[in-house]
Protein chains: 2
Amino acid sequence: MALIVQKFGGSSVANAERVNNVASIVTDTYKDGNDVIVVVSAQGDTTDDLIAKAQEINPRASKREMDMLLTAGEQISVALLAMAIERIGCPVISMLGWQAGFMTNSAHAAARIKTIKADRVRSAIDKHQIVIVAGFQGINKYDDLTTLGRGGSDTSAVALAAALHADRCQIFTDVEGVFTADPRKVPGARKLDEITYDEMLELATLGAQVLNNRSVEMGKKYNVEIEVLSSLKRVPGTIVKETANMEQMLVRGVTKDTNVARISIIDLPDVPGIAFKIFSRLAAKNINVDIILQSIGRQGSKDITFTVSRDNAQETMDQVSRIAELQGKKILCDTDVAKVSVVGAGMETHPGAASLMFEALYNSDINIQMISTSEIKISVLIDEKDADKAVAEIHEKFMSSKSL
Amino acid sequence: MALIVQKFGGSSVANAERVNNVASIVTDTYKDGNDVIVVVSAQGDTTDDLIAKAQEINPRASKREMDMLLTAGEQISVALLAMAIERIGCPVISMLGWQAGFMTNSAHAAARIKTIKADRVRSAIDKHQIVIVAGFQGINKYDDLTTLGRGGSDTSAVALAAALHADRCQIFTDVEGVFTADPRKVPGARKLDEITYDEMLELATLGAQVLNNRSVEMGKKYNVEIEVLSSLKRVPGTIVKETANMEQMLVRGVTKDTNVARISIIDLPDVPGIAFKIFSRLAAKNINVDIILQSIGRQGSKDITFTVSRDNAQETMDQVSRIAELQGKKILCDTDVAKVSVVGAGMETHPGAASLMFEALYNSDINIQMISTSEIKISVLIDEKDADKAVAEIHEKFMSSKSL
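This one's a predicted model, so the numbers in the text were calculated from it and none came from an experiment.

Asker: What is the right way to look at the sheet that holds strand 15 (residues 289-296) of chain A in this model?
Answerer: To summarise the sheet geometry, strands pair through backbone hydrogen bonds and adopt either a parallel or an antiparallel arrangement. Residues and elements named next belong to chain A. With antiparallel pairing, the four strands of this open sheet are ordered in space as 15-16-14-17. In this open sheet, the two strands that pair with only one neighbour each are strand 15 and strand 17 (330-334). Mean inter-strand twist for the sheet, computed between neighbouring axes without regard to direction, equals 15°. In this structure, strand 14 (residues 261-269) lies alongside strand 16 (residues 301-308), joined through seven bridges in antiparallel fashion. Bridging from a neighbouring strand, Ile263 pairs with Phe306 of strand 16. Along the sheet, helix 8 (residues 274-284) contacts strand 14, strand 15 and strand 16; its crossing angle with strand 16, the most-contacted strand, is approximately 20°. Of the strands in this sheet, strand 14, strand 16 and strand 17 touch helix 9 (residues 313-321), which is tilted by about 175° from strand 17.

In structure tokens, the structure reads:
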């Protein structure tokens, strides 16, 4: 008997049939003698539908009210899943984020979990109830509802698993695990049995939309064993843990991320402090900046180019254009870009990895706009239209070059 | 400057355009120098859509989980209305039932407000914020979400107006006020300028779907002046208060209620206690019984016939059939019935009112199944298919008989 946290994303509970499927996975786990806590996201496109409703009324709605709106999505799905489990005849109780004790800071739309006061969840588990918890959401110290940002349900699940010292946190998705590339687009993509937190972190950060990056960070920090697996096929998935069996592979995966926008500020005076002003302002607004490139322009001026997530592009432009020193400067925003990356702990000891990647892009006649590297990954920014081709070419190149 | 509570029903916020219309009514009231608290229901058919989703998954879902599901509806509408008001540029904050302090008992799906801890609402008003409160919902002592039952948003609004000693509670609907009959069906129907709580109570109880009856009871108890008016046309509505100007009218209105089912238990042994067992069991399940008729059957047996709301028909049948003494008895349920009533304080002094009503029905060849009377109303149960015709005939008869 173990304590297992199971998380199901929006597509896993998109309609009545799928809700019933999830109920059967959950109750089978429960009937095997386990304590089960389930974290669910909003059904299918609910969140997007709610965002569309808000956009129609006020495209600049406050984040507090957006959180109030969006948290209704998981509320619907926890209730429906609980009902499906009631029909199967197992004891069950649904809880919203705040009822399950998710205390967050006040950064609406991107809140951080401060602590989980899980007494009510514990007491339900002690009564042998299956507990269904609304993912993605919490409450701040003012009793306002908050959300953890898109994909935050993964974080909810791993955080709850950590708080309750669960034996495993299973993240159910519509794919069978973590692949070396998107299997829908790259025919040779292979499923990994195991992967380290660090590798998964790079993959998650880079847009392999299997696991939210904050959830992996949290798993690493609290050593929560995470399994990524399919809610549709009952086969073993990919286990994310501290040390993974190293297969004879140079890279773990090739990914693309299209939630990227490139912002360029042209022809800045080459005086100290400009970069600080830009990035501290963005940090204050909870906007994460990814790749940063600073180049010398003409005659003592410079250009600064950086990427942010596409969701943040508009607000980034707003913020940047309000900085006094940038008045009158040309500020460009390009949202037709994508970031393609290769990730693998094995690359550290293979200095040829970068050139292999560039060769694949060169052979495909794809122009590289920006480059960023770390110990275990190489990323390039390219035109969005080239992204799928780039992933396929790079994957092919690396998978056929084990002997590098 | 006054403190005004405004309540908008689901049809008033059914889409973006209507939400904007409500925002403009609210902010106009605010800009006139008033403090404004707004109570909103779920958008249009949201509640029905959510019920359909639940039905598909589990037709016998627990009431706790149904409440968890349905309260998401108002959560969506408060957020959207707050966003619309943000766009107009007035300070605003949305609150769920529990955030606004609605403490209820634990009768899920039909909870009663125990108290309103309105500190947070008061403090927002003190900061000159428009407060948008989710109607219909509250929280019990276990921190579980509860609902007040259909139409409960009216109750939320009047209760909040009472708790905050508001100067007026405006209930916005899709009609211009309280009419002597349904104006969409009875051409001669007239709008009333004023009506007493008692008369309104009879009309509300009887299915004139303008105001929820519990809200009128609460208005009477705490002497809250209620105005029923249109959210689409900006004209004065009907004011509900302790004493209303008596116009030269015999009746205030003729109504029909189709949310009725007739349950008959045939051929019961004529021993004491049977009726007590039936009705105490139903009371324990929060099922309200309306008209009750007991008749002598053959040879020392009797029949008991009563009406409940149609929503409760299935559960009533379940409960009744489990009573030991009724095993093997024939229990009938007829949902094709409607209750048609005339209401008016003036009837007390006019003994001819009942015969006038029966004459109208007789002239239209409509069979009367059950009759119930009080000081200020007469109700009959008839076939649902005859209901509209009955209302029109009775209305015509009474309106043309002022000299009775």
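Following the structure, the description resumes.
Asker: Would you mind going over the pattern of salt bridges with me for this structure?
Answerer: Pairing of side chains with opposite charge becomes possible as their charged atoms draw close. One pass over the full model with this rule turns up 49 salt bridges over all chains. When the shortest N-O distance is used, the salt bridge between Asp318 of chain A and Arg60 of chain A registers 3.2 Å. You can see Asp318 of chain A sitting in helix 9 and its partner Arg60 of chain A sitting in the loop between helix 2 (46-57) and helix 3 (63-88), a full 258 residues away along the chain. Judged by relative accessible area, which is 17%, Asp318 of chain A ranks as buried. Residue classification places Arg60 of chain A among the exposed positions, given a relative accessible area of 59%. Through salt bridges with shared partners, one network takes in Arg64, Glu65 and Asp144 of chain A together with Arg120 of chain B.

Asker: Can you help me understand the packing of helix 1 (residues 16-31) of chain A against helix 3 of chain A in this one?
Answerer: For any two helices packed against each other, one specifies the inter-axial angle together with the distance between the axes. All names here are of chain A. Two elements in contact, helix 1 and helix 3, have axes separated by 9 Å at closest approach and are oriented at 60°. Put simply, helix 1 runs oblique to helix 3. The hand of the helix 1/helix 3 crossing is right-handed. Contacts from Val19, Asn20, Val22, Ala23, Ser24, Val26, Thr27 and Lys31 in helix 1 reach Leu80, Leu81, Ala84, Ile85, Arg87 and Ile88 in helix 3. For the contact of helix 1 with helix 3, the residue count by class is nine nonpolar, three polar and two charged.

Asker: Is there a simple way to explain the sheet that holds strand 10 (residues 194-196) of chain B in this structure?
Answerer: Residues and elements named next belong to chain B. Read across the sheet, eight strands follow the order 3-6-2-1-9-11-12-10 without closing on themselves; strand pairing throughout is mixed. Where the open sheet ends on each side, the last strands, each with one partner, are strand 3 (92-95) and strand 10. Strand-to-strand twist of the sheet, defined as the mean angle between neighbouring strand axes without regard to direction, takes the value 20°. Across three bridges, the pairing between strand 11 (residues 226-230) and strand 12 (residues 238-241) is antiparallel. Bridging across to strand 12, Val228 finds its partner in Thr238. Along the sheet face, helix 4 (residues 119-126) touches strand 1 (3-8), strand 2 (35-40), strand 3 and strand 6 (130-134) and points at about 170° away from the line of strand 3.

Asker: Could you clarify how one ought to interpret the nonpolar core in this entry?
Answerer: Nonpolar side chains tend to gather and get buried jointly when the protein is soluble and globular. Counting residues in hydrophobic clusters, the biggest one holds 84 residues, and the most contacted among them are Ile132 of chain A together with Ile132 of chain B. Setting aside chain neighbours within four positions, we find Ile132 of chain B in contact with Val38, Val40, Val78, Leu81, Ala82, Ile85, Val92, Ile93, Ser94 and Met95 of chain B.

Asker: What is the right way to read the relation of the copies chain B and chain A from this model?
Answerer: Note: a rotation about an axis with an accompanying shift along it relates these two copies of the chain. Taken as rigid bodies, chain B and chain A are interconverted by a rotation of 180° and an axial shift of 0.1 Å, the fit giving an RMSD of 0.1 Å. What the rotation and shift describe, once combined, is the action of a two-fold rotation axis. Nearest to the rotation axis, the C-alpha of Ala72 of chain B is located 2.4 Å from it, this being the minimum over chain B. In this assembly the copies share their binding face: 100% of the residues contributing to the interface of chain B also contribute to that of chain A.

Asker: Please explain the interface of chain B and chain A as it appears in this structure.
Answerer: A common measure of how large an interface is: the accessible area buried when the components associate. Contact residues are listed per partner, giving 42 residues for chain B and 42 residues for chain A. A buried area of about 3,400 Å², summed over both sides, lies between chain B and chain A, and 60% of it is on carbon and sulfur atoms. Applying the counting criterion to the chain B and chain A interface returns two salt bridges. Residue Asp144 of chain B is joined to Arg120 of chain A by a salt bridge in which the shortest nitrogen-to-oxygen separation is 2.6 Å. Looking at the side of chain B that touches chain A element by element, the count peaks at 17 residues for helix 3 (residues 63-88) of chain B. Split by residue class, the side of chain B that touches chain A holds 25 nonpolar, eight polar and nine charged.

Asker: Even after reading the chapter, I still don't get helix 11 (residues 387-399) of chain A, so can you show me in this structure?
Answerer: Since the α-helix advances by 3.6 residues per turn, residues separated by three or four positions end up pointing in the same direction. Residue and element names in this part refer to chain A. Across its 13 residues, helix 11 extends 18 Å between first and last C-alpha, which sits within 8% of the 18 Å expected from 1.5 Å per residue. Of all the residues in helix 11, the buried ones are Ala387, Ala390, Val391, Ile394, His395, Lys397, Phe398 and Met399. Looking at the packing, one finds that the buried side of helix 11 touches strand 13 (253-257), strand 18 (337-343), helix 10 (353-363) and strand 20 (377-383).

Asker: Whenever I open this one, unusual backbone geometry confuses me. Can you help?
Answerer: In most cases, non-glycine residues show a negative phi, while peptide bonds are predominantly trans. Look at Asn223 of chain A: it is not a glycine, yet its phi comes out positive at around 55°. With respect to the helices and strands, Asn223 of chain A occurs in the loop between helix 7 (213-222) and strand 11 (226-230). For Asn223 of chain A, a relative accessible area of 54% gives the class exposed. For Asn286 of chain B, which is not glycine, the phi torsion reads 60° and is therefore positive. For Asn286 of chain B, the location among the structural elements is in the loop between helix 8 (274-284) and strand 15 (289-296). Among the residues examined, Asn286 of chain B registers a relative accessible area of 48% and is labelled partly exposed.

Asker: Would you mind showing me how to read helix 4 of chain B here?
Answerer: Residue and element names in this part refer to chain B. Of the positions making up helix 4, those classed as buried are Val121, Ala124 and Ile125. With its buried residues spanning 100° around the axis, helix 4 presents them on a single face. Residues of helix 4 that are exposed and point over 90 degrees away from its buried face: Asp119 and Asp126. Each element contacted by the buried residues of helix 4 is listed here: strand 1, strand 2, strand 3 and strand 6.

Asker: What am I meant to see in the side chain of Arg252 of chain A here?
Answerer: Within the secondary structure, Arg252 of chain A sits in the loop between strand 12 (238-241) and strand 13. At 2.6 Å, the side chain of Arg252 of chain A forms a polar contact with the side chain of Glu199 of chain A.

Asker: Explain the pairing of strand 1 of chain B to me, please; I cannot follow it from the model alone.
Answerer: For a regular strand, side chains alternate in direction, first toward one face of the sheet and then toward the other. Residues and elements named next belong to chain B. Burial analysis of strand 1 places six of its six residues in the buried class, the great majority of the element. With burial as the criterion, each face of strand 1 is covered, one bearing Leu3, Val5 and Lys7 and the other bearing Ile4, Gln6 and Phe8. Both strand 1 and strand 2 contribute to a ladder of six bridges, which runs parallel. Residue pairing for strand 2: Val5 is matched across the bridge by Ile37. For the segment spanning strand 1, helix 1 (residues 16-31) and strand 2, crossover handedness is right-handed. Relative to strand 9 (residues 168-173), strand 1 is paired through five bridges, and the arrangement is parallel. If you follow Ile4 over to strand 9, its bridge partner there is Arg168.

Reading the values: rules and limits
- Residues numbered from 1 in each chain as written.
- Chains lettered and ligands numbered in written order.
- Predicted model: local features only at pLDDT ≥ 70, side-chain atom pairs only at ≥ 80, totals over all residues.
- Heavy atoms only, no water.
- Pairing = 2+ DSSP bridges.
- Helix = DSSP H or I, 4+ residues; strand = E, 2+ residues; numbered from the N terminus.
- Axes fitted to C-alpha atoms, helices over the stretch in contact; angles between N-to-C directions.
- Contact = heavy atoms within 4.5 Å.
- Salt bridge = Lys/Arg side-chain N within 4 Å of Asp/Glu carboxyl O.
- Buried < 20%, exposed > 50% of the residue type's maximum accessible area, 1.4 Å probe, protein only.
- Parallel < 35°, antiparallel > 145°, perpendicular 65-115°, else oblique.
- Left-handed = near helix turned anticlockwise from the far one by under 90°.
- Nonpolar A, V, L, I, M, F, W, Y, C, P; charged D, E, K, R; others polar.
- Core = buried A, V, L, I, M, F, W, Y, C linked by side-chain atoms within 4.5 Å.
- Least-squares fit on C-alpha atoms with pLDDT ≥ 70 in both.
- Buried area = accessible area lost by both parts, 1.4 Å probe.
- Expected span 1.5 Å × (residues − 1).
- Arc of directions from axis to C-beta.
- Polar contact = N/O pair within 3.5 Å; in protein donor to acceptor, adjacent residues only side chain to side chain.
- Right-handed = clockwise from strand over helix to strand, strands pointing away.

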